[in-house]
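So the chains spell out like this:
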Amino acid sequence: MATKEPKFELHRCPRCGGSDVAIDLGEGKLRCNFCHTLFEGKKINKAGGVEKLHGNVVEEGAEDIIPSDEIIVTFKCPSCGAEVVVDAAEQTSASCHWCRHIFSLVDKIPNGAVPDLVLPFKMKKITAEQKIRSCLNTYREKIDKTFYDQFSAKDIRSVYFPYFIVDVNAHETMKGDAEKVADEDKDKKTPPWTIEQHYLTLDYDLLIDDLTVESSAARLNQNRDVNSNNIINAILPFDTENAVAWDANFIRGVAAEKRSVNTSRLKEIVVLQSGDIARHEVMKKIPDYTRGARWDDEHLSLKGLKWKAAYLPVWLYSYEREGDKRIYYIAVNARTGETAGSMPAPKKGERVSTQKRARHAHERETRVELQNFEIKDVEKGTSQAWLQTMVGRNDDRAIGSLATGRDEMLLSEKRNYENGKNYAKETNEKLGAERKSQSLGDRFWGNVLGVMAGGEEAHPVKYRLYVIALIICLAIIAGMFVAVFGILNQ
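Predicted model only: the values in this text are computed from it and were never measured.

Draft legend 1. Examining the overall build of the chain more closely. For the chain, the count of helices and strands is eight helices and 19 strands. Within the chain, the proportion of its 490 residues that are buried is 44%. For the chain, contacts bridging at least 24 residues in sequence account for 75% of all contacts bridging at least 6. Of the roughly 26,500 Å² that the chain leaves accessible, carbon and sulfur atoms contribute 51%.

Set out below in structure tokens:
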């Protein structure tokens, strides 16, 4: 499929008119390399307005990737008139070989390399180095010694990674059971409590602003056994509301990874993550249901989606161990400083991760609003809870909290509670009778031997006291032997 010829333009410094402009990695702004003036890009990703979104809106930089041959562009330099040849499929900026003016690609060609938005770096390399060293020092005893010793700051790279930023306007209906402590028992500190079970129907509009989704095929593979570069997801979120309009000067001197997937492949992931966010947010609307909820019926209908392609900034350190197919990484969010890593363990094939999971907590980190919220309490029932087990409570995800057969579980809890009390009572009575039958010396040495047998971990304070007491006793006994021996030799 033919594509239009890309357009290159001069982006000049607003103060001196120079075209030699590049990003200042520490400031997050563009700097003129002639007069050193700092200036910002144009912010176009303002929050809000999601409720007005309808249909599937795809910004120009997020359009489907079209495989094509090399896009060779020839244009005249507007400054000196020289002809400049650029491979637009590989380059987003070029310089005139005569007057050295620098040109930036302004058109969004459909090759995945030119996004709609760029979130500029706002962290110097020395700061990223400090965070990576701190991560290495934290896990020094667990990671491969060679990996630790061979770390070098010169191997840290500034990289822009491709993401889709998605706005979601949806309507959600949820039905299911939720549990709360009855009002009359809210102030009780010990069981039993009266637990009320309600069947709820929730109806609301779900507005999600800037859901961040990977647009690299490599990182969509979340199999941790074969892929370790998904630690990039663990350093989210980014402050995407500060992203600026595409300007190739922001990526001069910085590596950038092309987008390699289209929006159609990610729609299912967006719907799935929107459901996660909805389940998390509704629990804030029903705060009395502290024992959780199980939603048996969920229906999410999309009103509108808006897709924007973006480059997000990362400081990256990678390491490849000989004889190991996996490449290891430590990544630093170049906006927030969040750091995550997947590092080699001493034994080949094993690794040490700074995160229990690689996925970021999108349900807690994405801007979201629930509008037109309605709640209907269809049914109500009560039961007795005998132990403070909080079975199934899950405030983070608010799912699966009500087990099938709740009545049987409560009866089992009651039996265990009563049996436990009876067993403890009988055991205490038995031990008390045994202790009364022992002499004071037997009780003392039995206590000492019991603590010593349990070790320091079981009784840390008593163990140390008894060790000191035994040393003192042994010293006294030794002193007595020395004294008696001395008297006998006189």
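Draft legend 2. Just the sheet that holds strand β4 (residues 38-39), in detail. Across the sheet, which stays open at both edges, the three strands sit in the order β2-β3-β4 with antiparallel pairing between neighbours. Edge positions in the sheet fall to β2 (21-24) and β4, since each of these pairs with one other strand and no more.

Draft legend 3. Region of interest: the nonpolar core. Within the largest apolar cluster, 40 residues are counted, with the highest numbers of intra-cluster contacts made by Ile132, Leu136, Ile143, Phe147, Tyr160, Trp315 and Met343. Among the secondary structure elements, those contributing two or more residues to this core are β2, β3 (29-32), α1 (125-138), α2 (145-149), β11 (156-181), β15 (293-320) and β16 (327-333). Listed in part, the 30 residues of the second largest apolar core include Val166, Val213, Trp307 and Ala309.

Draft legend 4. Spotlight on the pattern of salt bridges. Applying the stated criterion across every chain yields a total of 22 salt bridges. Note that Arg252 and Asp20 form a salt bridge whose closest N and O atoms lie 3.1 Å from each other. Of this pair, Arg252 sits in the loop between β13 (244-245) and β14 (255-256) while Asp20 sits in the loop between β1 (8-10) and β2, and the two are 232 residues apart along the sequence. Given a relative accessible area of 32%, Asp20 falls into the partly exposed group. For Lys284, the salt bridge goes to Glu281, with nearest N and O atoms at 3.0 Å. Here the residue Lys284 and the residue Glu281 both occupy positions in helix α4 (residues 263-285), the gap between them amounting to three residues, near one helical turn. For Lys284, a relative accessible area of 54% corresponds to the exposed category. Given a relative accessible area of 12%, Glu281 falls into the buried group. In the salt-bridge network here, residues are joined through shared partners; they are Asp167, Asp209, Asp210, Glu241, Lys308 and Arg367.

Draft legend 5. Structural view of the environment of Gly341. Tracing the backbone shows Gly341 in strand β17 (residues 339-344). Along the chain, Gly341 and Ile232 lie 109 residues apart, while their C-alpha atoms are 8.5 Å from each other. Contacts of Gly341, omitting those with residues within four sequence positions, involve Ile231, Tyr329, Ile330, Val352, Ser353 and Thr354.

About the thresholds
- Residues numbered from 1 in each chain as written.
- Predicted model: local features only at pLDDT ≥ 70, side-chain atom pairs only at ≥ 80, totals over all residues.
- Heavy atoms only, no water.
- Helix = DSSP H or I, 4+ residues; strand = E, 2+ residues; numbered from the N terminus.
- Buried < 20%, exposed > 50% of the residue type's maximum accessible area, 1.4 Å probe, protein only.
- Contact = heavy atoms within 4.5 Å.
- Areas by Shrake-Rupley, 256 points an atom, 1.4 Å probe, with all protein chains shown as cover.
- Pairing = 2+ DSSP bridges.
- Core = buried A, V, L, I, M, F, W, Y, C linked by side-chain atoms within 4.5 Å.
- Salt bridge = Lys/Arg side-chain N within 4 Å of Asp/Glu carboxyl O.

Shape descriptors only; they carry no functional weight alone.
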